[in-house]
Amino acid sequence: NMDYYISGNLTEPLQEAQAQYSERLVMVDGTGFCFNYNIQKAEASIKFERKSLRISEKAVVFISGANTYKIIPELRDTWAKIIAAVPNSVLVLYPFGNTWSGAYVKQPFINKMSAIFDKYGIDRDRLILLDTLANREDVKAVLQLADVYLDSYPYAGANSTVDPLEVGLPTVVRDGNNLRSRQGAAILRDIQLFDLIADSEESYINLSVALGNNAQLRKEKRDEIEQKMQQPRFLDSGAYSA
């Protein structure tokens, strides 16, 4: 029943975008989406520390808030390759987001994640799965304990990619050929963080491993993200609506 779909020129593959829609596609400059979190402000309900999550202070923490429905077998495999390649690293996931579902059958997902770690000879203690977090402030409190954020693919994050950027966390995304696969990349393009956008599994893994193994590189990216997140267009709802 819709006539038009509004998207952004940083999110759509320009040469073939219209062919992916039954609606008439209208593109605005930028990502084509915008968020206003001010109406959702809440205090963090839990104080997170590495010690309470059984994470060493010396560990390299990879983290993702991608929903369990996005974490397909190929993505589980990719993430396991990264953890296997970075000594003393752990993977923290909070995949049971309450914006997707009010109830999850969690054990099958836990079993699959454990099985992929077994496949690559990774100790299961290096996988940490968190329960549903109450609000965005809890999410950001967890993110502040991490070193590298891993976006999902082929269904990339939008809200879940903004969260790590707001706390200055180096964020690795993979580009694709449709809106769902380009949301994270569009966000990074909009703030000109092009070197954190991968175009294949190999480049996604290589970039993640490079960040995991190089603390100085992580610091440089943190500083750059903090500077470029001062006034991003995708958080300026006044300018977007105009």
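Residues numbered from 1 in each chain as written. Predicted model: local features only at pLDDT ≥ 70, side-chain atom pairs only at ≥ 80, totals over all residues. Heavy atoms only, no water.

### Quick look at the side chain of Q183
What counts here: Helix and strand labels come from DSSP, where a helix needs a run of H or I of at least four residues and a strand needs a run of E of at least two; each type is numbered from the N terminus. Definition of a polar contact: a pair of N or O atoms within 3.5 Å, with one able to donate and the other able to accept a hydrogen when the atoms are protein atoms, and with sequence-neighbouring residues admitted only if both atoms are side-chain atoms. Throughout, a contact is declared for two residues whenever any of their heavy atoms are within 4.5 Å.
Inspection of the secondary structure assignment puts Q183 in helix α5 (residues 179-190). At 2.9 Å, the side chain of Q183 and the backbone oxygen of A156 are in polar contact. The contact partners of Q183, leaving out residues within four places of it in the chain, are F33, Y155, A156, G157 and A158.

### A closer look at the packing of aromatic side chains
Given two aromatic rings, their pairing is described by the distance between the two centres and the angle made by the two planes. What counts is decided by this rule: Pairing of aromatic side chains requires ring centres within 6.5 Å, counting the rings of Phe and Tyr and the six-membered ring of Trp. Pairs whose planes differ by under 30 degrees are stacked, by over 60 edge-to-face, and all others tilted. Cation placement over rings: the criterion is NZ of Lys or CZ of Arg within 6 Å of the ring centroid and within 35° of the ring normal.
In this structure the tally under the stated criterion is six aromatic pairs. In this structure an aromatic cluster arises from ring pairing among Y69, F96, Y104 and F109. When the ring centre of F96 is taken as reference, the NZ or CZ atom of K106 above it lies at 5.1 Å. Of note, R180 hangs over the ring of Y155, and the distance from its end group to the ring centre comes to 5.8 Å.

### Some details on the sheet that holds strand β3 (residues 60-64)
Filter applied, for reference: Pairing between strands is defined by DSSP: at least two bridges between them are needed. Only the stretch in contact is used when a helix axis is fitted, and all axes are lines through C-alpha atoms; the angle between N-to-C directions ranges over 0 to 180 degrees.
Strands sit in the order β5-β4-β3-β6-β7-β8 across an open sheet of six strands; the sheet is parallel. Since the sheet does not close on itself, it has two edges, and those belong to β5 (127-129) and β8 (197-198), each with one partner. Sheet topology note: the strand β7 (residues 171-174)/β8 ladder contains two bridges and is parallel. Following the sheet pairing, V173 is matched in β8 by I197. Where helix α4 (residues 159-166) meets the sheet, its contacts fall on β6 (148-150) and β7, and the angle it forms with β7 comes to roughly 155°. Packed on one face of the sheet, helix α6 (residues 201-213) meets β3, β6, β7 and β8 and runs near 175° to β7.

### Observations concerning unusual backbone geometry
Backbone torsion omega between Y153 and P154 reads 10°, so that peptide bond is classified as cis. Of note, R54 is a non-glycine position whose phi angle comes to about 60°, a positive value. One non-glycine residue, N88, adopts positive backbone phi at about 60°. Within the secondary structure, N88 sits in the loop between α1 (73-85) and β4 (89-93).

### Looking at the pattern of salt bridges
Applicable threshold: What counts as a salt bridge is simple: a side-chain nitrogen of Lys or Arg found within 4 Å of a carboxyl oxygen of Asp or Glu. Any residue under 20% of the maximum accessible area for its type is buried, any over 50% is exposed, and the rest in between are partly exposed; the area is computed with a 1.4 Å probe on protein chains only.
Applying the stated criterion across every chain yields a total of 19 salt bridges. Where D163 meets R136, a salt bridge forms, and the shortest distance between an N and an O atom there is 2.7 Å. Placement of the pair is D163 in helix α4 and R136 in helix α3 (residues 136-143), with a sequence separation of 27 residues. Owing to a relative accessible area of 8%, D163 belongs among the buried residues under this scheme. Here D223 ties to K219 by a salt bridge, and the two come within 2.9 Å at their closest N and O atoms. Residue D223 and its partner K219 are located together in helix α7 (residues 215-228), separated by four residues, close to a single helical turn. Taking the relative accessible area as the measure of exposure, D223 reaches 39% and is therefore partly exposed. A residue is classified by how much of its surface remains accessible, and K219, at 46% relative accessible area, is partly exposed. Here the salt bridges share partners, and the residues they tie into one network are R136, E137, K140, D163 and E166.

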